[in-house]
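Here is what each chain is made of, one letter per residue.
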Protein chains: 2
Amino acid sequence: MSAGRDYPRPLDLRHGLIDMTHGAGGRASAQLIEELFGRAFDNPWLAEGHDAARFAAERGRMVLTTDAHVVSPMFFPGGDIGSLAVHGTINDVAMAGARPMYLAASFVIQEGLPLATLERIVASMARASREARVPVIAGDTKVVEKDKGDGVFITTTGVGMVPEGVDVSGRNARAGDRVLLSGSIGDHGIAVMSCRQNLKLDSQIRSDSVALHDLVASMLQARPGIRVLRDPTRGGLGTTLNEIARQSAVGMMLQESAIPVDPAVRAACELLGLDPLYVANEGKLIAIVAADDAPAVLAAMRAHPLGAQAAQIGVVTEDPHHFVQMTTGFGGRRVVDWLSGEQLPRIC
Amino acid sequence: MSAGRDYPRPLDLRHGLIDMTHGAGGRASAQLIEELFGRAFDNPWLAEGHDAARFAAERGRMVLTTDAHVVSPMFFPGGDIGSLAVHGTINDVAMAGARPMYLAASFVIQEGLPLATLERIVASMARASREARVPVIAGDTKVVEKDKGDGVFITTTGVGMVPEGVDVSGRNARAGDRVLLSGSIGDHGIAVMSCRQNLKLDSQIRSDSVALHDLVASMLQARPGIRVLRDPTRGGLGTTLNEIARQSAVGMMLQESAIPVDPAVRAACELLGLDPLYVANEGKLIAIVAADDAPAVLAAMRAHPLGAQAAQIGVVTEDPHHFVQMTTGFGGRRVVDWLSGEQLPRIC
């Protein structure tokens, strides 16, 4: 391809702004895709230049998952909307017990967004994708008017394969199972919230945004019979456990003291009037496993850098009401309800 | 599941409005997904209630494609953003020569959108998906503030399988090949544009938005060696042919009189100062085939209801400049360039 002929001048990544022509499907769209997205993601699938990317599939169980990302602000301590859009979808694939293979990404860009900002986001996305070894093989860009968007919204879709012998589902929890958590909760939500509110918190709390598929692979290698995997994102740990309790028609009894919360996050939650149980995470997972499997899975989690703080936080119970309950530090007991209302909008 | 217990009252689909709680990941989000999306799409994959949908895969070549839809207005003669989001992605899968299997959809919804409007869009999407026999098996919803969105943006992702022996690619056109077009151009763009500008056009021009995978299957059955398939959406026929010329390093010579344009569309284009060659289509395809295959493929197209008006519109030429040229009605010749600048933003 002879870019010199096709485009009168290269994209001005330093001073340029997104305008409506970048979404009109003509020359400006092609240039944006080629010079910004194509270069950042740089892989043979995108280089084909087709709307649809082709890949070799094997016989087996495949998963498909999609997530829109609208986090505000787009940059926060520990990540940005680009890395988050990669991690979030990889994690959704991994929580089905699957090995993530490929990603597709669509961008709805606000007119007037500096090209430099878009490039920073796309570069971060490309880096996250390379680090996770899950390439972005297909994409699309649209542009909306200044007052109809907000920076960029990114929808990331993932496909993966479920290994033989693995059957992970939110419906598989049974009374007597153990509830494991891979690490401390609330970091992502507080990191986003604190920069949104321009809070000067004592310590810099960083998002835990990370791809969890390697951790999941280690856990499944230790015990392929893991029953449930779920990442407690929007709605937090409390809502996610309620979803599982409902899907599996069980109850749960948690132990508050066993749930790791970073002291700085706990302090920030107190300041903001938030309950860490409902604050979003982007790098933590819940695993529900048979009692006999719990020690081996917990050991596998703790042996992985992303599960060093892993803990058993409760047990699955029989409960016709599907309540999630918690024994508190004072020997009491409370019901952990679903998140009601709006705690933290646009957190992911 | 006992919705009565989980949700104090059913969604008010008649008078209710989307608010930020519908995107916060708690109870309101779950209710929206269950009572609106779950009911409309109603299939066993979504009923599983997981972030990732599982399906059986066969060994072979699979395709993955994604498209954000931001069409404005959301409802237009002949379709709406919901049906368009299904057709557009099915067509992208089909243009890779693949049989579409499954869709995933993400929704970025503007705060304040009437639930009745959202339900209408989702119902249209579900209808289009059922008619095409390509189910929506995974989804996601996010909500953004009133001044940060515009109704709803829908990203649809599709997966499909390429049949044995099929190898369709924008890089495969060769000098001497024939360029076929399945029907008249410009209908979609003019339908959207006319209601956007509140034009009272003589006749009601309707979008051609439709799923083309059955037409493609008939064509591939006639001749599996079809070289290129492409749907001329954003940027129109002119831009799409330029893309192919560039990817295949060839030129093209079109015959203006052979390109079907509906008289009402032609009149509207004249009124609006638009060239139909650059107006978007959502239910038309270009096929480039070997000269020997052209009669059989054209016959297969014409035998299908979506290709009744199919025509051979030109030939592929050797051209080191990769120019698309056209012989005009007056015996002249012009270069058909890429769409430059903003002709029709937010047309899909």
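Described in the following lines is the structure provided in the data block. For every chain, the first residue of its written sequence is number 1, and the numbers climb from 1 along that sequence. Going through the entries in the order they are written, you letter the chains from A and number the ligands from 1. Only residues with pLDDT of at least 70 get local features here, since the model is predicted, and only at 80 or more are side-chain atom pairs given and counted; chain-wide, interface and lining totals rely on the full set of residues. Based on all heavy atoms of the structure, the side-chain values leave hydrogens and waters out of the count.

For the rest of this paragraph, the subject is helix α5 (residues 115-132) of chain B. Residue and element names in this part refer to chain B. Secondary structure elements follow DSSP: runs of H or I of four or more residues count as helices, runs of E of two or more count as strands, with numbering from the N terminus. For a helix, the expected span equals 1.5 Å multiplied by the number of residues minus one. The first and last C-alpha atoms of α5 sit 25 Å apart over 18 residues, in line with the 26 Å expected at 1.5 Å per residue. Only protein chains enter the accessibility calculation, which uses a 1.4 Å probe; a residue whose area is less than 20% of its type maximum is buried, one above 50% is exposed, and one in between is partly exposed. All buried positions along α5 are accounted for by Leu115, Thr117, Leu118, Ile121, Val122, Ser124, Met125, Ala126, Ala128, Ser129 and Ala132. Of the residues flanking the end of α5, it is Arg133, one or two places downstream, whose phi is positive at about 60 degrees.

Before going further, it helps to spend a moment on the pattern of salt bridges. The working definition used for a salt bridge is a side-chain nitrogen of Lys or Arg within 4 Å of a carboxyl oxygen of Asp or Glu. One pass over the full model with this rule turns up 34 salt bridges over all chains. In this structure, Asp167 of chain A engages Arg54 of chain B in a salt bridge whose closest nitrogen and oxygen atoms are separated by 3.1 Å. Of this pair, Asp167 of chain A sits in the loop between β7 (152-162) and β8 (178-181) while Arg54 of chain B is found in strand β1 (residues 53-57), placing the two residues in two different chains. Judged by relative accessible area, which is 42%, Asp167 of chain A ranks as partly exposed. Note that Lys284 of chain B is salt-bridged to Asp208 of chain B, the shortest N-O span being 3.0 Å. Taken together, the residues Lys284 of chain B in the loop between α9 (263-272) and β11 (286-289) and Asp208 of chain B in the loop between α6 (187-196) and α7 (213-222) connect sequence positions 76 residues apart. By relative accessible area, Lys284 of chain B is classed as buried at 9%. Through salt bridges that share partners, Asp67 and Arg234 of chain A together with Asp140 and Lys142 of chain B make up one connected network.

Residues and elements named next belong to chain A. Aromatic contacts are taken between Phe, Tyr and Trp rings whose centres are within 6.5 Å, Trp giving its six-membered ring; a plane angle under 30 degrees counts as stacked, one over 60 as edge-to-face, and the others as tilted. In total, this model carries 7 aromatic pairs over all chains according to the counting rule given. Measuring from centroid to centroid gives 5.3 Å for Trp45 and Tyr102, while their planes differ by 70 degrees, and the two rings are edge-to-face. Within this pair, whereas Trp45 is found in helix α3 (residues 44-47), its partner Tyr102 is found in strand β5 (residues 99-110), the two being separated by 57 residues in sequence. For Trp45, a relative accessible area of 25% gives the class partly exposed. You can call Tyr102 buried: its relative accessible area is 13%. Through successive ring pairs, a cluster of aromatic residues spans Trp45, Phe55 and Tyr102.

In this section: unusual backbone geometry. All names here are of chain A. In this structure, the amide linkage connecting Ser72 to the following residue, Pro73, adopts the cis form with an omega of 0 degrees. A positive phi angle, near 30 degrees, is found at Asp42, a position not held by glycine. By the secondary structure assignment, Asp42 is in the loop between α2 (27-41) and α3. The exposure class assigned to Asp42 is exposed, which follows from its relative accessible area of 61%.

This paragraph deals with the packing of helix α4 (residues 81-94) of chain B against α5 of chain B. Residue and element names in this part refer to chain B. Fitted lines through C-alpha atoms serve as axes, helices being fitted only where they are in contact, and the angles separating the N-to-C directions of these axes extend from 0 to 180 degrees. The N-to-C vectors of α4 and α5 enclose an angle of 35 degrees; their axes lie 6 Å apart at closest approach. For the element pair α4 and α5, the recorded crossing hand is right-handed. Judged by residue contacts, Ile81, Gly82, Ser83, Ala85, Val86, His87 and Ile90 of α4 engage Ile121, Ser124, Met125, Ala128, Ser129 and Ala132 from α5. When the near helix sits turned anticlockwise from the far one by under a right angle, the crossing is termed left-handed; a clockwise turn instead gives a right-handed crossing. In what follows, a contact means two residues having at least one pair of non-hydrogen atoms within 4.5 Å.

All names here are of chain A. Strand pairing requires that DSSP identify at least two bridges connecting the strands. Pairing is mixed in the open sheet, where 7 strands are placed in the order β9-β11-β8-β12-β10-β13-β14. A single partner strand is all that each edge strand has here, and the edge strands are β9 (228-230) and β14 (333-335). Shown here is a sheet whose adjacent strand axes are inclined to one another by a mean of 25 degrees, direction ignored. The sheet strands contacting helix α10 (residues 294-302) are β8, β11 (286-289) and β12 (311-317), and the helix crosses β8 at an angle near 0 degrees.

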